[in-house]
Amino acid sequence: SLISAATTHVCVIINTVNVSGGLKCWGGNNNGQLGNGTTTSSSRPVTVMDSQANPTTPLSGVVSVLALENNTCALMNTSKVKCWGYAVNHRLGDNEANFAPSGISQYPVFVKSDGTWANDLTGAVSLAGTTYGACAVLASGNVNCWGENNGHQDWANAPFLVQQGICNYGNL
């Protein structure tokens, strides 16, 4: 969606002269969920930055945003997904060992396609989430999830394919 609110923070997609599909977030930031390279909370919107490799470049190309309990995910115009914030139990869809010892990422990282952590998830057309986990519907109709699902589903070794062909995207 264009705007998403969680318990601790809010994010909204913005377009400016210099940035198309940028993202601004505000609120709590104890886990880096604002994506601006800090853990400082802000009552005013701050710009989400592209990555740790590009900490002064604003994130661009966002088509949908999903604010979760202590992290945030964005569907990109490349059909890939980036997440940031609390990384424990693979809530960012990436190998949590990459974020030791803090367990957080203050910048967006690409969600990976599976537990090998080698390739970025591609073909995403929609995002949805729970308090501690997220899922992407892919153009293929597959659904991939990562993070936790309150003990009902073990998504911790994910992202993993929940269901192949469960959605016929062409008929949605």
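Residues numbered from 1 in each chain as written. Predicted model: local features only at pLDDT ≥ 70, side-chain atom pairs only at ≥ 80, totals over all residues. Heavy atoms only, no water.

(A) Up close: the sheet that holds strand β2 (residues 9-14). One open sheet holds the four strands; their spatial order is β1-β2-β3-β4, and the pairing between them is antiparallel. The open sheet has two free edges, formed respectively by β1 (3-5) and β4 (42-47), since each of these has just one partner strand. Geometrically, the sheet is characterised by an average inter-axis angle of 15 degrees between neighbouring strands, direction not taken into account. Looking at chain direction, β2 and strand β3 (residues 22-27) are connected through six bridges and run antiparallel. Each residue of the ladder has a partner; that of Val10, found in β3, is Trp26. (Pairing = 2+ DSSP bridges. Helix = DSSP H or I, 4+ residues; strand = E, 2+ residues; numbered from the N terminus. Axes fitted to C-alpha atoms, helices over the stretch in contact; angles between N-to-C directions.)

(B) Fine view of the pairing of β3. Looking at chain direction, β3 and β4 are connected through three bridges and run antiparallel. Looking at the pairing, Cys25 lines up with Val46 of β4.

(C) Geometry of unusual backbone geometry. Unusually for a residue other than glycine, Ser79 sits at a positive phi of about 70 degrees. Along the chain, Ser79 falls in the loop between β6 (71-76) and β7 (81-86). Residue classification places Ser79 among the partly exposed positions, given a relative accessible area of 26%. (Buried < 20%, exposed > 50% of the residue type's maximum accessible area, 1.4 Å probe, protein only.)

(D) Focus on the state of the cysteines. Under the defined criterion, the tally for this structure stands at three disulfides. Covalent S-S linkage joins Cys11 and Cys25, the inter-sulfur distance amounting to 2.0 Å. When the S-S torsion is 110 degrees, as for the bridge of Cys11 with Cys25, the disulfide is right-handed. On the criterion of sequence distance, the pair formed by Cys11 in strand β2 and Cys25 in strand β3 is long-range, its members being 14 residues apart. Residue Cys11 shares its accessibility class with Cys25, and that shared class is buried. (Disulfide = S-S within 2.5 Å.)

(E) Inspection of the pairing of strand β8 (residues 104-110) at higher detail. For β8, the tally of buried residues reaches five of seven residues, placing the bulk of the element in the interior. Here β7 runs beside β8; their pairing, made up of four bridges, is antiparallel. Among the inter-strand pairings, Tyr86 is bridged to a residue of β8, identified as Ile104.

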